[in-house]
Amino acid sequence: MSKLDLLGMLLAGLLSASSASGGEIAGRVLDGETGSPLPGVAVYIPKLGVGTTSDTSGTFSLKGIPEGVYILRADMVGYRPQEIGVTVGREPVRIRITLYPEVYRMAEIVVTAPRGADISLKSPAFVGRMEGRELRERAITLPDVLEGMAGVRVRKLGGLGDYATVSIRGSSSQQVRVYIDEVPLNDAFWGGVNLGNIPLGMFSRVEVYRGVIPMSFGGSGTGGVVRLVTPKLGTGGYGTVTSGSFGTIGAFFLMSRKSALFGGEYLRAENDYPFLDDNGTRYNPEDDVWTRRYNNDFRSTSLLAKLFLTVKGAKLSLWDLFFRSRKGLPGAGNAQAKYARIGELRNLSGADVEMGLFRTKLFWSRYVSKFRDLYSEIGLGRQDNHNVTDVFGMRTSLRSAHGDLYWNALFEGKLERFVPSDRVRRTQFLASVRKSVSFGLEGTYMRDRLELTASLRWDLMWNVRRSDYRMGVLRPIPEERKAYRFTGSRLGLRFSPVSCLHIKANLGRYFRAPSFYELFGDTGPVIGNTKLRPERGTNLDVGFVFGTKWLRRAEVAFYHNVLRDGITFVQHSQFTSRPENVGKASITGMEVSWKVALGRLRWEGHGSYQRARNLSELYGGIYRGKQLPNRPTWTVHGRWSTNFDKFGIFYEADYTSGNYHDLYNKFPIPERFIQNIGISFTLRPFRLELEVKNLTDRQVADVWGYPLPGRSYYIRLSAGGWTCRNGGRR
């Protein structure tokens, strides 16, 4: 259809809407990913040659339509067209149209848009995101990405591929929900998610929802959400080749067509970086010696496949994500293990079915861990454990619209099975099972300047336990059953008095049951605690987002979280930790983030202050008023960059104030100041980048005895959409 024909239809539609009598078709057009209204969408009936466009709130109306059955079509550049069958009678027809973005591949043309404008500005939630080229060029691993986002704290046990968890606004890692698209990675066994071995190259966007969990994700938790978004179909392809400090080498590719996508990644690292060993006497520097990390190597392989089909009007997507890793476990720096190993395998498969306003997602995930410590170097006694966790799930949602009011109903069911085996004692355990059912209902009143959201969620959970951690060994026990029931709720507000200012507020009530990992431990460095109670929390935040031509984005948020029966891992020795209910805790803080553009100069960053206090009466109140472990009071991150036609340079600085390892605040974690620097050269279609991480070679550790890498070097070479990385050997 030519632009002249479409213009004629729109003019005819405007004339007919004002003069003719007949039925009416009215509704709103929304972005299918963010739920934001879409202005300027052409909505027309090809059979009649009449049409109109949606206004700034996404609303449209066609009047004077003769009675009958028609095909209504919605078109907008950058989105897939949508056709809907409508029956026009005497009563007005109210519908909602959802359009999904579509990327067009055109030679020698690059189309860009403001990053995250809809999701971060026109949503009540406080959301950060990094995507596309920015994501690929700034980071090597997923923890690298998250460390540069406001309100996020990453805790790592070592280098590339080592165990890494995320905290949002002072939460524990188990309180943060992690999703790949809309499939949860949190399971009944781990609760939290190890981000250290998740392949970054498989994702085109990373989103962080701070403090609240929108009902559309499902799940319940007090921390927030990290969402990893896989690439869209039809986006073409790119690839990477990697080599770096401490034996890092790898490769990645992704090819995407209109109806299929396939990608793969291989990554390895020796992680034999030098560190200062204090010989277990942190207050006596006289016996400190420099040595190298050993038995710290890492290998991983990842594959991603997606297929899109249309079957009798229904949209069907099939997908599978597989990643496998093997690594050494060096243990604490002053008593390194030579032989302890762990292998992990995770596979996620699913099918999405969409028919109009109805959507169903079926998914299955399997997580396999193999931990071998035959010389008792890390855990308590000889260990050779093979554990399998399966999750089977279904999520169904139904949406409807009535004027400016939108409803979303959600049903989610999951079956989780944890099957451990002890190969040293040749014991195969019966499965421990967790069944859960969730119902949710969300209503949203949406106008151009105002959005109100209210949701209720009912969670029912049943545990069947057939093993327990006793005297350092996982042992079979008589079957035990336990049920949890909880009602969660959330209120959200966005008010935009002017187009560049968005005032936001959220209030939520959440619940989290203990994971199998917290209940039973791993027979290694974590000792289980079967007496744990579920966590309950209330989150409140309020703030604003502001943007102008040169101040691209400024965000200020205040938050207050109250946690009851919070579960915290307490370090009992250099080698072991045990989860404990700390009773009541309060976390109050403020976040500030900004993006400034002055000509060729870019300055962006974030800072946060938080006061995380233990209010528990545990053990006679000896911890009351103490700072919660691993919750620093101050964090500041900044990035300065400038780009000319062929040359660019950037500098990053990250500051974290001192905090503590333990509940009693006896073992401090020193403050840290880490700097990175890099330069780039561009000769289209090629781009060369040189980067130095931890420029001053600071020796730091998130956990006592588990040092992080010092200075490291990287080189990245890109060509068009294809990105190649290389690195210097230290």
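Residues numbered from 1 in each chain as written. Predicted model: local features only at pLDDT ≥ 70, side-chain atom pairs only at ≥ 80, totals over all residues. Heavy atoms only, no water.

In terms of regular secondary structure, the protein is built from six helices and 47 strands. Taking as baseline every contact in the protein between residues at least 6 positions apart, the subset at least 24 positions apart corresponds to 61%. As displayed, the protein has an accessible area near 31600 Å², and 60% of this comes from carbon and sulfur atoms. (Helix = DSSP H or I, 4+ residues; strand = E, 2+ residues; numbered from the N terminus. Contact = heavy atoms within 4.5 Å. Areas by Shrake-Rupley, 256 points an atom, 1.4 Å probe, with all protein chains shown as cover.)

Moving on, we come to the packing of aromatic side chains. Enumeration over the complete set of coordinates arrives at 12 aromatic pairs. A ring pair is formed by Phe253 and Phe262, whose centres lie 5.8 Å apart and whose planes are at 50 degrees; its orientation type is tilted. The interplanar angle of 50 degrees and the centroid separation of 5.4 Å between the aromatic rings of Phe411 and Phe439 together place this pair among those described as tilted. Pair noted here: Phe411 is in strand β25 (residues 405–419) and Phe439 is in strand β28 (residues 432–446), with a separation of 28 residues, a long-range link. Taking relative accessible area as the criterion, Phe411 reaches 28% and is therefore assigned partly exposed. Among the aromatic residues, those joined into a ring-pair cluster are Trp594, Trp603, Trp640 and Tyr651. Between the NZ or CZ atom of Lys626 and the centre of the ring of Tyr664, over which it lies, the distance is 4.7 Å. Between the NZ or CZ atom of Arg639 and the centre of the ring of Phe650, over which it lies, the distance is 4.1 Å. (Phe/Tyr/Trp six-rings, centres within 6.5 Å; stacked < 30°, edge-to-face > 60°. Buried < 20%, exposed > 50% of the residue type's maximum accessible area, 1.4 Å probe, protein only. Lys NZ or Arg CZ within 6 Å of the ring centre and 35° of its normal.)

Okay, the sheet that holds strand β7 (residues 93–99) next. In spatial order, the strands read β4-β1-β7; together these three strands make up an open sheet with mixed pairing. What marks the edges here is a single partner per strand, and that holds for β4 (59–65) and β7. Looking at each pair of strands side by side, their axes are set apart by 25 degrees on average, direction ignored. Alignment of strand β1 (residues 23–31) against β4, held across six bridges, turns out to be antiparallel. Of the residues in β4, the one forming a bridge with Gly27 is Phe60. (Pairing = 2+ DSSP bridges. Axes fitted to C-alpha atoms, helices over the stretch in contact; angles between N-to-C directions.)

With that out of the way, let us pick up the side chain of His637. For His637, the location among the structural elements is in strand β38 (residues 634–643). By relative accessible area, His637 is classed as buried at 12%. For His637, the side chain forms a polar contact with the side chain of Asp654, separated by 3.2 Å. Non-local contacts of His637, meaning those with residues more than four positions away in its chain, are made with Glu147, Gly148, Trp594, Glu604, Gly605, His606, Glu652, Ala653 and Asp654. (Polar contact = N/O pair within 3.5 Å; in protein donor to acceptor, adjacent residues only side chain to side chain.)

Applying the stated criterion across every chain, the model contains 31 salt bridges. In this structure, Lys327 and Asp162 form a salt bridge, with 2.7 Å as the shortest nitrogen-oxygen distance. Of this pair, Lys327 sits in strand β21 (residues 314–328) while Asp162 sits in the loop between β9 (152–156) and β10 (164–168); the two residues are 165 residues apart in sequence, bridging distant segments of the chain. When sorted by exposure, Lys327 lands in the same class as Asp162, which is buried. Glu535 is paired through a salt bridge with Arg512; the nearest N and O atoms lie 2.9 Å apart. Taken together, the positions of Glu535 in strand β32 (residues 535–546) and Arg512 in strand β31 (residues 501–512) put the pair 23 residues apart, joining distant regions of the chain. Grouping residues by exposure puts Glu535 and Arg512 together as buried. Via salt bridges that share partners, Arg169, Arg210, Asp541, Arg553, Glu555 and Glu591 belong to a single interconnected network. (Salt bridge = Lys/Arg side-chain N within 4 Å of Asp/Glu carboxyl O.)

Read from one edge of the open sheet, four strands run β3-β2-β5-β6, paired in antiparallel fashion. Every other strand in the sheet has two partners, leaving β3 (50–53) and β6 (82–88) as the edge strands with one partner each. Strand-to-strand twist in this sheet, taken as the mean axis angle between neighbours without regard to direction, amounts to 25 degrees. Across four bridges, the pairing between strand β2 (residues 42–45) and β3 is antiparallel. Bridged to Ala42 within β3 is Thr53.

Time to look at the environment of Ser123. Structurally, Ser123 is set in the loop between α2 (117–121) and β8 (126–131). Residue class for Ser123 comes out buried when judged on its relative accessible area of 16%. The spacing of Ser123 and Thr453 is 330 residues in sequence and 9.7 Å in space, taken between C-alpha atoms.

On to the nonpolar core. Counting 37 residues, the largest nonpolar core has Leu146, Ile198 and Val226 as its most contacted members. The set of elements that each furnish at least two residues to this core consists of α4 (142–147), β9, β10, β11 (176–180), β13 (205–210), β14 (224–229), β16 (248–256) and β21. Once residues within four sequence positions are removed from consideration, Leu146 is found in contact with Val152, Val154, Val166, Leu195, Val206, Val208 and Val226. Among the nonpolar cores identified, the runner-up in size contains 20 residues, and Leu38, Val43, Ile45 and Ile97 belong to it. (Core = buried A, V, L, I, M, F, W, Y, C linked by side-chain atoms within 4.5 Å.)

This brings us to a nonpolar patch on the surface. A cluster of nonpolar side chains, contributed by Phe644, Phe647, Ile649, Phe681, Phe686, Leu688, Leu690 and Leu717, occupies part of the molecular surface with about 670 Å² of accessible area. Contributing elements (two or more residues each) for the nonpolar patch: β39 (647–656) and β43 (686–693). Positionally, Phe686 belongs in strand β43. The partly exposed category is assigned to Phe686, whose relative accessible area is 47%. (Patch = residues over 30% accessible without salt bridge, like charges linked within 9 Å, V, L, I, M, F, W, Y side chains within 5 Å.)

All right, on to the pairing of β14 then. Across the six residues that make up β14, a large majority, six, are buried. The pairing of β11 with β14 spans five bridges and is parallel. Note on β14: the bridge partner recorded for Tyr179 is Arg227. As judged from the six bridges shared by β13 and β14, these two strands associate in the antiparallel manner. Following the sheet pairing, Arg210 is matched in β14 by Gly224.

A cluster of basic residues, Arg324, Arg326, Lys370 and Arg423, forms a positive patch on the protein surface. With respect to the secondary-structure elements, Arg324 resides in strand β21. (Lys, Arg positive; Asp, Glu negative; His and termini not counted. Charge placed at Lys NZ, Arg CZ, Asp CG, Glu CD.)

Attention now moves to the side chain of Asp654. Here Asp654 is to be found in strand β39. Of the side chains with opposite charge, Arg153 lies nearest to the buried Asp654, which makes no salt bridge, at 6.2 Å. Each residue touching Asp654, except ones within four places of it in the same chain, is listed here: Glu147, Val636, His637, Arg672, Phe673 and Ile674.

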